[in-house]
Amino acid sequence: MWRGTTPMHIFTLPVGVKLTDFSAVFITYSQNGETILEKTEADLTPTETGFTVTLTQADTLLFTQGPVKIQLRAKKPTGEAVASDIISSTAKEVLKDGEI
């Protein structure tokens, strides 16, 4: 992902699982072991196979150039909590910094 851009991240859920199956959802973006950005169910757009989340320029400018880890954690109304595998991405530098 390029810093200062507005990428859409697409998440696919297991067959038969819908975003509405969860009472709480968190998408956590971290760098160097620290949480940089967190999105919740209010930030997600459901799809037929999962959901999308679109980051703003301000969101991506929070990252420094380098590796980014992304993970979904969610809780069902029954209290069952789940977590996805950690997704690895990279924040890439841009020559024109800041929002445009």
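For the structure itself, look to the data block above.
Residues numbered from 1 in each chain as written. Predicted model: local features only at pLDDT ≥ 70, side-chain atom pairs only at ≥ 80, totals over all residues. Heavy atoms only, no water.

Participant: Give me the overall build of the protein chain: which residues, what numbers.
Facilitator: Within the protein chain one finds one helix and eight strands. For the protein chain, the α and β elements follow one another from N to C terminus as β-β-β-β-β-α-β-β-β. Once the C-alpha set of the protein chain is aligned to its principal axes, its extents read approximately 45 × 25 × 20 Å. By the burial criterion, 35% of the 100 residues in the protein chain qualify as buried. Here the analysis covers contacts within the protein chain between residues at least 6 apart in sequence; of these, 63% occur between residues at least 24 apart. (Helix = DSSP H or I, 4+ residues; strand = E, 2+ residues; numbered from the N terminus. Buried < 20%, exposed > 50% of the residue type's maximum accessible area, 1.4 Å probe, protein only. Contact = heavy atoms within 4.5 Å.)

Participant: Explain the layout of surface pockets residue by residue, including any values.
Facilitator: Here the largest pocket is characterised by a volume of approximately 210 Å³. As for the largest pocket, its lining consists of Phe-11, Thr-12, Leu-13, Pro-14, Val-17, Phe-22, Leu-72, Lys-76, Val-82, Ala-83 and Ser-84. Those elements that provide at least two residues to the lining of the largest pocket are strand 1 (8-12) and strand 7 (81-83). Here the residues of the lining of the largest pocket are counted per class, giving eight nonpolar, two polar and one charged. (1 Å grid on protein atoms, 1.4 Å probe; cavity = no way out; pocket = protein on both sides within 12 Å on 5 of 7 lines; lining within 4 Å. Points joined across faces, edges and corners; volume = space filled by probe spheres on them. Nonpolar A, V, L, I, M, F, W, Y, C, P; charged D, E, K, R; others polar.)

Participant: Give a detailed account of the nonpolar core, specifying residues and quantitative values.
Facilitator: In summary, soluble globular proteins display a tendency toward joint burial of nonpolar side chains. Val-25, Ile-27, Tyr-29, Leu-44, Phe-51, Phe-63 and Val-68 are the most contacted members of the largest nonpolar core, which totals 19 residues. Looking at this core, the elements with two or more residues in it are strand 2 (24-31), strand 5 (50-54) and strand 6 (66-75). Counting residues per element, this core draws most heavily on strand 6, at four residues. If near-sequence neighbours (up to four positions away) are discounted, Val-25 is found in contact with Leu-19, Lys-39, Thr-40, Glu-41, Leu-44, Leu-72, Arg-73 and Ala-74. (Core = buried A, V, L, I, M, F, W, Y, C linked by side-chain atoms within 4.5 Å.)

Participant: So what about the side chain of His-9? Which residues, and what values?
Facilitator: With respect to the element layout, His-9 can be found in strand 1. For His-9, the side chain forms a polar contact with the side chain of Tyr-29, separated by 2.8 Å. Once residues within four sequence positions are removed from consideration, His-9 is found in contact with Met-1, Tyr-29, Phe-51, Thr-52, Val-53, Leu-55 and Ile-70. (Polar contact = N/O pair within 3.5 Å; in protein donor to acceptor, adjacent residues only side chain to side chain.)

Participant: Help me get a handle on the sheet that holds strand 5, residues and values and all.
Facilitator: Judged by pairing direction, the sheet is antiparallel, and its three strands sit side by side in the order 1-5-4 without closing on themselves. Edge positions in the open sheet fall to strand 1 and strand 4 (44-46), since each of these has one partner strand only. Across this sheet, the average inter-strand angle for adjacent strands is 25°, counted without regard to direction. By the bridge criterion, three bridges tie strand 4 to strand 5 in an arrangement that is antiparallel. What sits directly across from Pro-46, in strand 5, is Phe-51. (Pairing = 2+ DSSP bridges. Axes fitted to C-alpha atoms, helices over the stretch in contact; angles between N-to-C directions.)

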